[in-house]
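Listed here are the chains, written in short residue letters.
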Amino acid sequence: MSGVRPEVHTAQEHAAQARRRRQTSSVSTAMQAPPTGGRAYSGLVTRALAFALDSAIVNGCALVVGVVVGLGLSILHLPEAADIVIAAILGGLWVLWTVGYFAFFWSTTGQTPGDRVMRIRVIDGRDRGPLKLRRAIVRFGGVILAAIPLLAGFLIMLWDDRRRCLQDRLARTVVVDTPVSDDGPGRLRR
Amino acid sequence: MSLIGSLLSVGARGVTLPLSGAAVLVEAGLDIERRIRAELTTVAGRLVLDTLDAVLASDAIDLVLERIETAGVAQHVAQRMLEDGIAEQIVTRVLQGPELEQIVTNAVDSERTRDGLARVLESEAVERLLDRLLSSPAGERLVAQVLGSPLLTETVTRLLESEQLWILVDEIARSPSVTEAITSQSASFVGQVTDRVRDSSRDADAWVERAARRFGRGRKNDAGPKAAGFDPLKPGEDAPASTLRPSTDPP
């Protein structure tokens with residue numbers, strides 16, 4: 001075994017130490033979390049505030065569009081059935097707009113405007129890069145699922161070592177604090 | 001009859017001819033006098049202005065002002081004027097009359113006056129004189145009297161009523177530098193507010209988490225989530241990836 005290179009030996013030692021830590025102390029679970037470049041995982045209140053800001057933006061825009069469209073349609077004398085169809089279309093567009101808003105920002109910069117204000121970012125839990133669009137959509141679905149059981153899907157983050165909600169577990173993401181100088185998810189990469 | 005008439009006419013012409021000649025001479029004399037006077041006025045005005053220029057350009061003013069300063073003439077004059085109420089009368093008269101506006105307009109329009117004033121104001125003697133005046137008791141009394149005088153109140157009231165002032169204020173308010181300053185101030189204020197909110201939310205995160213974990217331990221005396229505790233770094237703090245610290249939550 002003397003021919004084993006020192007760095008391999010060191011890696012084996014590290015792995016053994018990690019195993020021991022896992023067995024002896026549950027504190028070590030935090031050490032197994034994907035490193036975040038030294039950044040803290042974002043907490044419940046910060047994320048709730050960011051989500052509230054995003055909701056205000058999304059619904060504010062939708063409200064303005066709805067009022068404009070409603071006023072425009074009020075000029076025309078459309079039959080009642082047409083009104084129902086238009087309302088259904090607008091409802092569908094609202095859903096698309098909401099999903100698109102979150103999915104777009106999560107899959108590009110990793111930060112919605114609300115996240116940017118609160119200086120947090122959604123990143124991949126493993127490679128710490130931005131999400132793919134499909135996973136961003138899955139994450140949004142997770143948000144809805146998390147809200148259904150009286151927000152329990154969000155509250156589980158309080159007992160999670162990496163402060164992950166249901167949507168984070170589904171999409172394998174984490175939400176981290178970003179320093180002031182951090183301009184993009186690329187900087188999180190090593 | 002016609003002979004008599006002709007004789008009279010010739011006689012009258014003979015009398016009036018010298019008179020008309022005299023009138024022509026007088027008129028010519030008056031014209032010459034007018035011209036000479038106009039010429040003299042022009043020359044005198046030019047001479048005065050040249051003299052003024054020469055005086056302003058020379059050190060004479062500095063010398064005169066230094067003499068006045070050393071002799072304390074200005075203080076004496078100011079004191080006497082204040083004691084006798086002459087200063088207040090003069091100021092009242094100047095402010096109420098139309099002369100002030102005219103003088104100011106003429107002075108502002110004149111290039112020479114502006115240059116001369118600039119030279120006078122830049123001289124050290126004026127600076128020293130003003131310093132002494134302002135630091136003297138007479139200067140303090142003057143300022144106190146001016147501030148306490150109803151004239152000042154009236155002047156300010158008139159100023160506020162004038163439309164020009166508000167046009168000026170509007171112009172200043174619309175100027176790009178002012179707008180930029182207000183924008184940057186607003187941005188800075190918003191930044192401060194969001195920073196405060198962020199800090200508070202981080203504190204609230206930690207508090208909520210501690211409370212939840214305490215609740216969890218109460219329900220189940222197990223290390224569970226506490227063991228997985230992650231001590232969040234403070235906002236902006238950046239530690240190496242390998243230094244995730246275990247929780248420091250109180251037991």
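Since this is a predicted model, take the numbers as computed values, not measurements.

Conventions and cut-offs
- Residues numbered from 1 in each chain as written.
- Chains lettered and ligands numbered in written order.
- Predicted model: local features only at pLDDT ≥ 70, side-chain atom pairs only at ≥ 80, totals over all residues.
- Heavy atoms only, no water.
- 1 Å grid on protein atoms, 1.4 Å probe; cavity = no way out; pocket = protein on both sides within 12 Å on 5 of 7 lines; lining within 4 Å.
- Points joined across faces, edges and corners; volume = space filled by probe spheres on them.
- Helix = DSSP H or I, 4+ residues; strand = E, 2+ residues; numbered from the N terminus.
- Nonpolar A, V, L, I, M, F, W, Y, C, P; charged D, E, K, R; others polar.
- Phe/Tyr/Trp six-rings, centres within 6.5 Å; stacked < 30°, edge-to-face > 60°.
- Buried < 20%, exposed > 50% of the residue type's maximum accessible area, 1.4 Å probe, protein only.
- Lys NZ or Arg CZ within 6 Å of the ring centre and 35° of its normal.
- Pairing = 2+ DSSP bridges.
- Axes fitted to C-alpha atoms, helices over the stretch in contact; angles between N-to-C directions.
- Parallel < 35°, antiparallel > 145°, perpendicular 65-115°, else oblique.
- Left-handed = near helix turned anticlockwise from the far one by under 90°.
- Contact = heavy atoms within 4.5 Å.

A. Representation of empty space enclosed by the protein. Residues and elements named next belong to chain B. Under the defined criterion, the tally for this structure stands at three cavities of 30 Å³ or more. Its volume calculated, the largest cavity comes out at about 60 Å³. Considering the residues around the largest cavity, the lining is formed by Ile68, Glu69, Gly72, Ala74, Gln75, Leu129, Arg132 and Leu133. Of all the secondary structure elements, the ones that give two or more residues to the lining of the largest cavity are helix 2 (60-71), helix 3 (73-84) and helix 7 (124-135). For the lining of the largest cavity, the element with the highest residue contribution is helix 7, accounting for three residues. Here the residues of the lining of the largest cavity sort into four nonpolar, two polar and two charged.

B. Quick look at the packing of aromatic side chains. All names here are of chain A. For the structure shown, the criterion picks out seven aromatic pairs over all chains. Geometrically, the ring pair formed by Trp97 and Tyr101 is edge-to-face, given 5.7 Å between the ring centres and 65° between the ring planes. Highlighted residues: Trp97 and Tyr101, both in helix 4 (residues 80-108), separated by four residues, approximately one helical turn. The interplanar angle of 70° and the centroid separation of 5.2 Å between the aromatic rings of Phe104 and Phe105 together place this pair among those described as edge-to-face. Judged by its relative accessible area of 47%, Phe104 is partly exposed. Taking relative accessible area as the criterion, Phe105 reaches 21% and is therefore assigned partly exposed. Through a chain of ring-to-ring contacts, the aromatic side chains of Phe51, Trp97, Tyr101, Phe102, Phe104, Phe105, Trp106 and Phe140 assemble into a single cluster. Arg139 extends its terminal NZ or CZ atom over the ring of Trp106, reaching a point 4.5 Å from the ring centre.

C. Structural view of the pairing of strand 2 (residues 173-177) of chain A. All names here are of chain A. Most of strand 2 sits out of view: five of its five residues are buried. Here strand 2 shows a buried face lined by Thr173, Val175 and Asp177 and a second buried face lined by Val174 and Val176. Bridging between strand 1 (residues 120-124) and strand 2 involves five bridges; their strand directions are antiparallel. By the bridge assignment, Arg121 is partnered in strand 2 with Val176.

D. Highlighting the packing of helix 2 of chain B against helix 7 of chain B. All names here are of chain B. Axis separation between helix 2 and helix 7 bottoms out at 9 Å; the angle between their running directions is 20°. The orientation of helix 2 relative to helix 7 falls into the category roughly parallel. Here helix 2 and helix 7 pass one another in a crossing that is left-handed. Across the interface between the two elements, Asp62, Leu65, Glu66 and Glu69 from helix 2 touch Ala125, Val126, Arg128, Leu129 and Arg132 from helix 7.

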